[in-house]
Protein chains: 4
Amino acid sequence: MLIALVTHSQTRKNFYIPDLNGYRILKCDLHIHTTFSDGVVWPTERVEEAWNDGLDAIAITDHLEYTPHSNYLKVDHNAGYDIAKGIAAQKDILLIHGTEITKKMPGHFNALFIKDATKIANDDYKKAIEEANKQGAFVILNHPREAVPNGGEWWYKELDELFRENLFQGIEIFNWNDYYPRAFDWALNKNMTIFSATDIHNESALYLSQLHMARRPMTLVFARERSIDGIKEALIAGRTVGFFRNVIYGKEELVKELFLKSIQIGKIHHDISRNASVSISNTSDIPYILNPMNQDKSSASIQLGAKESAIFALPSDSTSILEYEVENVMIRSNEKLKIKLTFIKD
Amino acid sequence: MLIALVTHSQTRKNFYIPDLNGYRILKCDLHIHTTFSDGVVWPTERVEEAWNDGLDAIAITDHLEYTPHSNYLKVDHNAGYDIAKGIAAQKDILLIHGTEITKKMPGHFNALFIKDATKIANDDYKKAIEEANKQGAFVILNHPREAVPNGGEWWYKELDELFRENLFQGIEIFNWNDYYPRAFDWALNKNMTIFSATDIHNESALYLSQLHMARRPMTLVFARERSIDGIKEALIAGRTVGFFRNVIYGKEELVKELFLKSIQIGKIHHDISRNASVSISNTSDIPYILNPMNQDKSSASIQLGAKESAIFALPSDSTSILEYEVENVMIRSNEKLKIKLTFIKD
Amino acid sequence: MLIALVTHSQTRKNFYIPDLNGYRILKCDLHIHTTFSDGVVWPTERVEEAWNDGLDAIAITDHLEYTPHSNYLKVDHNAGYDIAKGIAAQKDILLIHGTEITKKMPGHFNALFIKDATKIANDDYKKAIEEANKQGAFVILNHPREAVPNGGEWWYKELDELFRENLFQGIEIFNWNDYYPRAFDWALNKNMTIFSATDIHNESALYLSQLHMARRPMTLVFARERSIDGIKEALIAGRTVGFFRNVIYGKEELVKELFLKSIQIGKIHHDISRNASVSISNTSDIPYILNPMNQDKSSASIQLGAKESAIFALPSDSTSILEYEVENVMIRSNEKLKIKLTFIKD
Amino acid sequence: MLIALVTHSQTRKNFYIPDLNGYRILKCDLHIHTTFSDGVVWPTERVEEAWNDGLDAIAITDHLEYTPHSNYLKVDHNAGYDIAKGIAAQKDILLIHGTEITKKMPGHFNALFIKDATKIANDDYKKAIEEANKQGAFVILNHPREAVPNGGEWWYKELDELFRENLFQGIEIFNWNDYYPRAFDWALNKNMTIFSATDIHNESALYLSQLHMARRPMTLVFARERSIDGIKEALIAGRTVGFFRNVIYGKEELVKELFLKSIQIGKIHHDISRNASVSISNTSDIPYILNPMNQDKSSASIQLGAKESAIFALPSDSTSILEYEVENVMIRSNEKLKIKLTFIKD
């Protein structure tokens, strides 16, 4: 019957990124806690937040080893996933079954696409990670240490051993409010899959407000289809880029395609004195800043906000090739994406 | 040469409305003053404002009869158009040559697509309007009086005479901050072309801030092409709707197509108990509010902000037809657009 | 030691309302649920939300009779208060120990300032309410029914009996997204204390976004001091007004003082032709809209946004008394606050 | 009579900065063009913009030597001031009579508080500046060259000569969108009065939008009274600081007083384990960012937005002195303001 039919209607702030040739760009936050470890939000509400924040997919990854609410709350490592999956189906949020293996040494790891978190819980970190792999999990090194005490290597031998045995394949380059430039370059060198995640414990809106962020950090997944299998295939193939604080981090071929697909160049217009001008539009909700490279020093940056256009004068030559560095698209920790735009005047 | 090439780059806030089958929706403000009558903005800056405000076309329509700055400024009725047309070409803003014929009786009229405003200036209102028509102008009755003193008819005989002789074809239903519901119904009855305009004298941003408006009032023109000729053809054919304060006013067939083209219905999702829900997205920058009609009284409105989505539960029947009244789309002064959405569950 | 000293710094969006002569205006939400009944937010996070939302005080009022998470969570009616009080002290949020007595008949009641919720739990509604009163509680009728089936009285005899026996003293005139005009007038007639509350179950930010609200509904308490005792004294004395969706509801003497204290009239200025104008400033974060009463019909409303000023021309008389109706200050369900402003020209 | 009395009411977005002991902080933009030189805004509208943008005072400083609209507009160097002064009186905007002396060499100078611009016009730059001084003007070097061709000195001998003869006393450290760090240090060394100005030619709102600024650049004047004389006295005494893009530039004693007056430290609160926390509030509309200095490296910055509060944990010692560098308050081009806050626990 129709009672209260639309009462639960909710509005969502979409985060538009155009799809590419053959890929959907899925917006994912794959590191999230609930009341079932040290979070303060019930699992169903994590799905509501994700919907509201414009995400396609989340993973609930409660700690196996840390459950500080156990005076009041039953310890059940699968509870987060079990409780949230109904509302996820209703809201069309892809919910990935996950867990966090939390060891002082060699660190914290997320296991995604697992079957039973309880079987993974193990005092021996290696056995835990092996069990996750046995369940078909994709395993990620969380918030890698950038500063290692006593002059130790940041990529210490325990990690190296796990990585050589192919027991983990991904690495976070951003977590909560911390960026790991060394991990970003390492991921590019070693062909590891890149992740950017909130590791959120409190409410999404409070997290954003406390850190003065406009949007959640996300892993943008270039998936062949919008499904959990689609995400898994893309993670294994390494087709992800990190997004946080309006900056994109990833392999040049991926971020370049993403940027170029978001930009549209308009027709060239002439005023009565045959001066030429051209417009450039950003169709996406990611703002871009273009710094001119081969032009005169006094040229200003082009700030292309979400869904904004810009217009600027063209030189008098019949063909112009303008080069820009995209301020907020990183292809290595110390290198920005460069692009060339060609304008042919009639 | 390249000096200061991008120095003049500017960013524009786009106002997205999807194009329809066969029509571009052009955003026009066709009633604008400059320093050359009683405005306080130089003609070139009217083009900059238009670009910034996301408009496609403007008409500069300075008063022929009122030039209060003439102590300092030369009286030249074509100066607004002449001065602004260079920058308009450069910015790809369609600039329509216009003028305002400003008589106590029978009122104020805008003439668009004129050739020479000086020839239109005439103490005899009828001769002025006839000359405008002779130049091929499209003529519009501005801010029609809603309250007529001494019990007179609001559609007085002088107007009627001009209208019967086909000397004007359009009517403003909104001007500055005033809405004329009687003019709206009259336009629908008499098949007059509908206009909504700022009649702006001060700066666009001050106008918007003083009247607490988010966007300028506009005439949305359903044009076969984005050109001055395209606009003229559409005005003659009566294919316009008025837009102001986030409300749309027009013929049912036009506004319905506009609304339906902006809305996308998502796939139906089921949770594990087979409860169904569906999402609805607004692809445009016009917000819409849908009030449920055949549903339970307690059902809430769906508020679909610009580029937002909503989600809501569906009744358990296999086929649902939900009816809504669109709060902010008017097809007569006292009647809102009604729509039916059909949802078929698999 | 200093480790991570400022790591947990957080910024708060203040909601400024000036204090009155002798009273602090405390911003309170006194109807809130947590995971310990049917809410989805852990008690500590309710305090974080309150701080972030600019509140002074909250009451956690979980249902005694409805604990749907009990498969996972221990049933403990005092848990919400016990868990949250530490963080409340740290954040200087006044946390009131409360509970909700939830009966089909005669309805739902909140008991505030209780000592032990467990003792209040009772199948007999009257015994439950009596126990709350015995603990010194202030008791409130929640979301009173506006539509009563079968033509029954909305103020039915069970309520009347409880009220005559002084077992409850307050009434909600706003709850979640529903306004009860009949309850508002009733409260004024019967001298009951007025409440406006969220009755929030989900996250504060999601609640606000789903209902398109800028701020939480609040009870504004006119307290002699900023303390739990200060609030209790004010509730007993009936010194509260309701606030929601930027509208204020209350006794004329309270809302008038609140309004007048927020407004500052500037000096009168003259231009060179001796025309006079005056500015009016809103020092508070509550926007106000003033509709002119004794002036010309064409006079526009004055929209005084948060912290905004307005300026307007004065009549040429040496003394002007201008009358306004304050659009968003209600002193009965069908009556707005009227004010007179006197301007003396020198 | 009362006709249209409130029709012209307008609302203003205030920019709150607290007054100091003995000084009003006046918000001034003292470099503005109109249609009477190469601007595109009529003089009256410059006053409307100023009122809307929350300014106290402006100077209209049209070029004496450059009047590109003279085909249409009478050349009258006092017209800007004469036309705008009526509306300035009505709106209580302090309007300073000014002009810009515009020479290729030794540069551009603004003369404020002049009596007759026509008499200042002179092909000989020195005679022009001398005449301005004779009229009692305060003279400012505009947009000083930072890059001088052919390895020349930026503070070339013609400037030096004028300065030694005390023919100008102020210098712009910010103009339009350009910051001159060398001029800032020079002003501090030579005890010149600091200015930050828009040099605006187009509309204020378009200027702000094109440059992605939230507010206009301003000179903040520490005046003994809110009057034109009050401003003149403060300029002569050197009591100004520059403000642009949310950064403040000035002498340490002035900016420190400004900052400390804007900040309020709350009471220290303890939770049940005697952990202490404290709140800090920004009462002004200038956001501040505080970077911790003597604390642990991992301590985060405190971002205190306009009218926001922050809260943070205190160390366990009974007295804490915390040191911060204020990220956006500059006391030299390469030095930020440092402050110490002392917290005494009871």
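Here the structure is a predicted model, which is why all the values come from computation and not from measurement. (Residues numbered from 1 in each chain as written. Chains lettered and ligands numbered in written order. Predicted model: local features only at pLDDT ≥ 70, side-chain atom pairs only at ≥ 80, totals over all residues. Heavy atoms only, no water.)

Enquirer: Could you give an account of the overall build of chain A, naming the residues involved and the relevant values?
Expert: If you tally the helices and strands in chain A, you get nine helices and 19 strands. Computed over C-alpha atoms, the radius of gyration of chain A comes to 23 Å, within 12% of the 20 Å expected from 2.2 N^0.38 for 346 residues, which places it in the range of a compact globule. Seen through its principal axes, chain A has C-alpha atoms that stretch 80 × 65 × 35 Å. The buried share among the 346 residues of chain A stands at 61%. Sequence-distant contacts in chain A: of pairs separated by 6 or more residues, those separated by 24 or more amount to 65%. (Helix = DSSP H or I, 4+ residues; strand = E, 2+ residues; numbered from the N terminus. Rg over C-alpha atoms; globule rule 2.2 N^0.38 Å. Buried < 20%, exposed > 50% of the residue type's maximum accessible area, 1.4 Å probe, protein only. Contact = heavy atoms within 4.5 Å.)

Enquirer: Describe the pattern of salt bridges, and please don't skip the residues or the numbers.
Expert: All chains considered together, the criterion is met by 85 salt bridges over all chains. Here A:D56 makes a salt bridge to A:K27, at a shortest N to O gap of 4.0 Å. Remark: A:K27 occurs in strand β2 (residues 24-32) and A:D56 occurs in the loop between α1 (43-52) and β3 (57-60); sequence separation between them is 29 residues. We classify A:D56 as buried; its relative accessible area is 8%. According to the relative accessible area criterion, A:K27 is buried, its value standing at 11%. B:R46 is paired through a salt bridge with B:E49; the nearest N and O atoms lie 2.8 Å apart. Note that B:R46 and B:E49 are positioned in helix α1 (residues 43-52) at a spacing of three residues, about one turn of the helix. For B:E49, a relative accessible area of 1% puts it in the buried group. (Salt bridge = Lys/Arg side-chain N within 4 Å of Asp/Glu carboxyl O.)

Enquirer: Please give an account of the environment of A:F312 that cites residues and values.
Expert: Positionally, A:F312 belongs in strand β17 (residues 308-313). Separated by 82 residues in the primary sequence, A:F312 and A:G230 have C-alpha atoms spaced 41 Å apart.

Enquirer: Outline the sheet that holds strand β14 (residues 276-282) of chain B, listing residues and values.
Expert: Two pairing modes exist for strands in a sheet, parallel and antiparallel, and in both the strands are linked by backbone hydrogen bonds. Taking strand neighbours across the sheet as the criterion, the four strands line up as β1(A)-β17(B)-β14(B)-β13(B) in an open arrangement whose pairing is antiparallel. Of all strands in the sheet, those bounded by a partner on one side alone are β1 (10-13) of chain A together with β13 (263-270) of chain B. Neighbour to neighbour, the strand axes of the sheet diverge by 25° on average, direction disregarded. Here six bridges tie β13(B) to β14(B), and the two strands are oriented antiparallel to one another. Of the residues in β14(B), the one forming a bridge with B:I265 is B:I280. Contacts between α1(A) and the sheet are confined to β1 of chain A together with β17 (308-313) of chain B, with β1(A) contributing the most and set at about 60° to the helix. Contacting β13 and β14 of chain B, helix α9 (residues 252-262) of chain B runs over the sheet at an angle of about 45° to β13(B). (Pairing = 2+ DSSP bridges. Axes fitted to C-alpha atoms, helices over the stretch in contact; angles between N-to-C directions.)

Enquirer: Can you tell me about the pairing of strand β4 (residues 94-102) of chain C, naming the residues and giving the values?
Expert: Residue and element names in this part refer to chain C. For β4, the buried fraction is high: nine of the nine residues fall into the buried class. In the sheet, strand β3 (residues 57-60) pairs with β4 via four bridges, with the strands oriented parallel. Within β4, the residue paired with I60 across the bridge is H97. Running through helix α2 (residues 79-91), the crossover from β3 to the neighbouring parallel element β4 is right-handed. Here β4 pairs with strand β5 (residues 108-112) via five bridges, running antiparallel. (Right-handed = clockwise from strand over helix to strand, strands pointing away.)

Enquirer: Any chance you could break down the environment of A:L337 for me, citing the residues and the numbers?
Expert: All names here are of chain A. With respect to the helices and strands, the residue L337 is situated in strand β19 (residues 335-344). Spatially, the C-alpha atom of L337 lies 27 Å from that of L211, the residues being 126 residues apart in sequence. With residues up to four places along the chain from it excluded, the contact list for L337 reads E252, V255, K256, F259, Y324, E325, V326, V329 and I331.

Enquirer: An account of the confidence of the model for chain A is requested, with residue identities and associated values reported.
Expert: All names here are of chain A. In the predicted model, chain A carries a mean pLDDT of 90, and 92% of its residues have values of at least 70. Contacts for the low-pLDDT stretch residues 1-7, under 50 throughout, to residues beyond four places or in other chains number 29 contacts. Quick note on the complex model: pTM equals 0.88, ipTM equals 0.92. (pLDDT = per-residue confidence, 0-100.)

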